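# Structural characterization, general
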Amino acid sequence: MKIAKLLILGIAVIAMNSCIGVSADISINANGSGRITLEYRLSQMLESLGRLDGNERKPIIPVGREDFERGVARIPGLSLRSFSSKEARGADGGRDTVIKAALDFSDTAALLAFLDITGSHVSHAGDSGNSLRLVLLEPASQALNADLVSLLQEAYAGYELRISLSAPKTATLAVSPPSVKTAQLVSQGKKVTFAIDIGDLLTLTDGLALEIAW
């Protein structure tokens, strides 16, 4: 399901399909309900180049309101609150399609299903407290050469992945492995945030996971 792959499983898809900026702002209540506000930017310049491979009729990411409506209809407890799409100036000087959607979830099960329908990259625990673990990137099988690292960082300059969570009480955010030095963190408070440039993200070879506890 396309919409369920967007955030967690879609990191590699971001690079391949030119969706090069993603922001997810999660607000969760004490009873497990809440809202996720999602924004992503699709570079029209890179999108047009991607059409040369003949896949223009098979978009992997949701690009319209109907895509979102079909996706949320398959997840119990999830509903689409709002959707908008507009054009804006991109970091590369061209035009971006900016898509924003707000989705309400009735419980953590609906949130987890949205983040990863397979359940293999996201987990939640809640006894005396709550914790949410998101695996954003699996370890690479081999190191990237310097030329490829430079190319990725240049191609995706100005675009980032940003994930934040607002909790009903003080939350903490931990990054694994802790050696990710290029990320921006708000690691403690009622709202915690992780942000990293897409170019830096795609050059990580040790994988990347977030653990948020509250």
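These numbers were taken from a predicted model, which means no experiment stands behind them.

## Remarks on the overall build of the protein
Counting its regular elements, the protein contains 7 helices and 10 strands. Counting only residues that meet the buried cut, the protein has 45% of its 214 residues in that class. Partitioning the contacts of the protein with sequence separation of at least 6, the portion at a separation of at least 24 is 66%. If you sum the accessible surface of the protein, you get close to 10700 Å²; carbon and sulfur atoms cover 49% of it.

## Considerations on the pattern of salt bridges
The final tally for this structure, using the stated rule, is 11 salt bridges. Across the salt bridge formed by Asp25 and Lys191, the nearest N and O atoms sit 3.3 Å from each other. With Asp25 in strand E1 (residues 19-28) and Lys191 in strand E9 (residues 188-197), this pair connects stretches of sequence that are 166 residues apart. By relative accessible area, Lys191 is classed as partly exposed at 38%. Here Glu69 and Arg65 are joined by a salt bridge, their closest N and O atoms 3.0 Å apart. Within this pair, Glu69 and its partner Arg65 are both found in helix H4 (residues 65-73), separated by 4 residues, close to a single helical turn. Through salt bridges with shared partners, one network takes in Arg35, Arg81 and Asp104.

## Re the confidence of the model for the protein
Should the pLDDT be low somewhere, the predicted coordinates at that spot are not to be read in detail. Per-residue pLDDT for the protein has a mean of 80; in total, 79% of the residues score no lower than 70. Every residue in residues 1-17 is under pLDDT 50, and counting partners more than four places away or in other chains gives 54 contacts. Below pLDDT 50 for its whole length, residues 49-55 participates in 1 contact with residues either more than four positions away or in separate chains.

## Comments concerning the nonpolar core
Leu165, Phe194 and Leu208 are the most contacted members of the largest nonpolar core, which totals 52 residues. Tallying contributions element by element places strand E7 (residues 160-176) first for this core, with 7 residues. When neighbours within four sequence positions are excluded, Phe194 is seen to be in contact with Leu136, Leu161, Arg162, Ile163, Leu173, Val175, Ala183, Gln184, Leu185, Leu208 and Leu210.

## So, the packing of aromatic side chains
Summed over all chains, the structure comprises 1 aromatic pair. On the numbers, 5.6 Å between centres and 50° between planes, the contact of Phe68 with Phe83 is tilted. With Phe68 in helix H4 and Phe83 in strand E3 (residues 78-89), this pair connects stretches of sequence that are 15 residues apart.

## Remarks on unusual backbone geometry
Residue Pro177 is bonded to the preceding Ser176 through a cis peptide linkage, with omega at 0°. Within the element layout of this structure, Pro177 appears in the loop between E7 and strand E8 (184-186).

## A look at the pairing of strand E5 (residues 122-126)
Where E5 and strand E6 (residues 130-137) come together, 5 bridges link them in antiparallel fashion. Each residue of the ladder has a partner; that of Ala125, found in E6, is Ser131.

## Examining the side chain of Asp104
Considering the arrangement of structural elements, one finds Asp104 in strand E4 (residues 95-105). Within polar-contact distance, the side chain of Asp104 engages the side chain of Arg35 at 2.7 Å. Beyond its immediate chain neighbours, meaning those up to four positions away, Asp104 contacts Gly34, Arg35, Gly77, Leu78, Ser79 and Arg81.

About the thresholds
Residues numbered from 1 in each chain as written. Predicted model: local features only at pLDDT ≥ 70, side-chain atom pairs only at ≥ 80, totals over all residues. Heavy atoms only, no water. Helix = DSSP H or I, 4+ residues; strand = E, 2+ residues; numbered from the N terminus. Buried < 20%, exposed > 50% of the residue type's maximum accessible area, 1.4 Å probe, protein only. Contact = heavy atoms within 4.5 Å. Areas by Shrake-Rupley, 256 points an atom, 1.4 Å probe, with all protein chains shown as cover. Salt bridge = Lys/Arg side-chain N within 4 Å of Asp/Glu carboxyl O. pLDDT = per-residue confidence, 0-100. Core = buried A, V, L, I, M, F, W, Y, C linked by side-chain atoms within 4.5 Å. Phe/Tyr/Trp six-rings, centres within 6.5 Å; stacked < 30°, edge-to-face > 60°. Pairing = 2+ DSSP bridges. Polar contact = N/O pair within 3.5 Å; in protein donor to acceptor, adjacent residues only side chain to side chain.

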